[in-house]
Amino acid sequence: NEYHKCKKVIEKIGYSCLVKKTHLKKIDKSFSSQYVTESINLMLDMEDKNPAESISKAKELIETCCKTILDEKSIEYSKEAKVHQLAKLTIDSLIPNDSSEQSESTKQALKMILGALSTITHGTAQLRNEIGTGHGKSAKFSKVNPKFARLASGAAETFVSFIKATYDESLKHKKSSYQD
């Protein structure tokens, strides 16, 4: 009986949405910030109700992640920096380019994926500029399809999840090397 109740709930909200929410809760805990919590909750809650706002929150989540990590690493960045510039700076600060541990083909694959992560940030910011909130729109502007909000929030979740986990891992390595 409980199984069928749970199954109905999962079917109603969608399995991928449930996975995304679970993943974002882990990210939220690692930031431990009321601002991040509210941003994530708004991003998810607005996917269907106000997709334009959800898209804007997705861009903000990426930007918050990058600025937080850069600040914690004492890496300077321009206050006028675009989100994709912040993302590149953050990625470069976390992922060494000269890792000799991997084969050339592995290095190339990682470079492609990291490039795609950077492209996600640029695309999310561009989508926010075009159909998100934050810029005035013409009176002819039509409602945004929720699937675009789900795409933007999923992309932000993917980026932030990887970057934050990589940063947290680097802190653990740093801590363990101090103890050695």
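Check the entry above for the structure.
The structure reproduced in this document is the subject of the present report. (Residues numbered from 1 in each chain as written. Predicted model: local features only at pLDDT ≥ 70, side-chain atom pairs only at ≥ 80, totals over all residues. Heavy atoms only, no water.)

Axes are the key here: two packed helices are described by the angle between their axes and the distance separating the axes. Taken N-terminus to C-terminus, the directions of helix α3 (residues 34-49) and helix α4 (residues 51-72) make an angle of 150°; their axes are 7 Å apart at the nearest point. With respect to their mutual orientation, α3 and α4 come out roughly antiparallel. Considering only the axes of α3 and α4, their crossing is left-handed. Of the residues in α4, those touching α3 at Tyr-35, Val-36, Ser-39, Ile-40, Leu-42, Met-43, Met-46, Glu-47, Asp-48 and Lys-49 are Pro-51, Glu-53, Ser-54, Lys-57, Ala-58, Glu-60, Leu-61 and Thr-64. Residues that form the contact of α3 with α4 fall into these classes: nine nonpolar, three polar and six charged. (Axes fitted to C-alpha atoms, helices over the stretch in contact; angles between N-to-C directions. Helix = DSSP H or I, 4+ residues; strand = E, 2+ residues; numbered from the N terminus. Parallel < 35°, antiparallel > 145°, perpendicular 65-115°, else oblique. Left-handed = near helix turned anticlockwise from the far one by under 90°. Contact = heavy atoms within 4.5 Å. Nonpolar A, V, L, I, M, F, W, Y, C, P; charged D, E, K, R; others polar.)

Let's shift gears to the pattern of salt bridges. Pairs can form between side chains of opposite charge whenever their charged atoms are close. Throughout the structure, instances matching the rule amount to seven salt bridges. As a salt-bridge pair, Lys-57 and Glu-60 come within 3.1 Å of each other at their nearest N and O atoms. Taken together, the residues span about one helical turn, with Lys-57 and Glu-60 both in helix α4 at a distance of three residues. Assessed through its relative accessible area of 24%, Glu-60 is described here as partly exposed. For Lys-107, the salt bridge is made with Glu-104, and the minimal N-O distance between the two is 3.5 Å. Here the residue Lys-107 and the residue Glu-104 both occupy positions in helix α6 (residues 104-131), the gap between them amounting to three residues, near one helical turn. Sharing partners across several salt bridges, the network here consists of Lys-59, Glu-63 and Lys-67. (Salt bridge = Lys/Arg side-chain N within 4 Å of Asp/Glu carboxyl O. Buried < 20%, exposed > 50% of the residue type's maximum accessible area, 1.4 Å probe, protein only.)

Moving on, we get to the environment of Phe-31. Position of Phe-31 relative to the elements: it lies in helix α2 (residues 15-31). Assessed through its relative accessible area of 10%, Phe-31 is described here as buried. Sequence-wise, Phe-31 and Thr-64 are 33 residues apart; in three dimensions their C-alpha atoms are separated by 9.9 Å. For Phe-31, the residues in contact, after removing those within four places along its chain, are Val-36, Cys-65, Thr-68, Val-160 and Lys-164.

Right, let's talk about α6 for a bit. With 28 residues, α6 extends 40 Å between its outermost C-alpha atoms, agreeing within 8% with the 40 Å of an ideal straight helix rising 1.5 Å per residue. If you check which residues of α6 are buried, you get Leu-114, Leu-117, Ser-118, Thr-121, Thr-124, Ala-125, Arg-128 and Ile-131. (Expected span 1.5 Å × (residues − 1).)

Moving on, we get to the environment of Ser-103. Structurally, the position occupied by Ser-103 is in the loop between α5 (83-94) and α6. Overall, Ser-103 belongs to the partly exposed group, its relative accessible area being 37%. Within the structure, the side chain of Ser-103 is placed 3.2 Å from the side chain of Ser-105, a separation counted as a polar contact. (Polar contact = N/O pair within 3.5 Å; in protein donor to acceptor, adjacent residues only side chain to side chain.)

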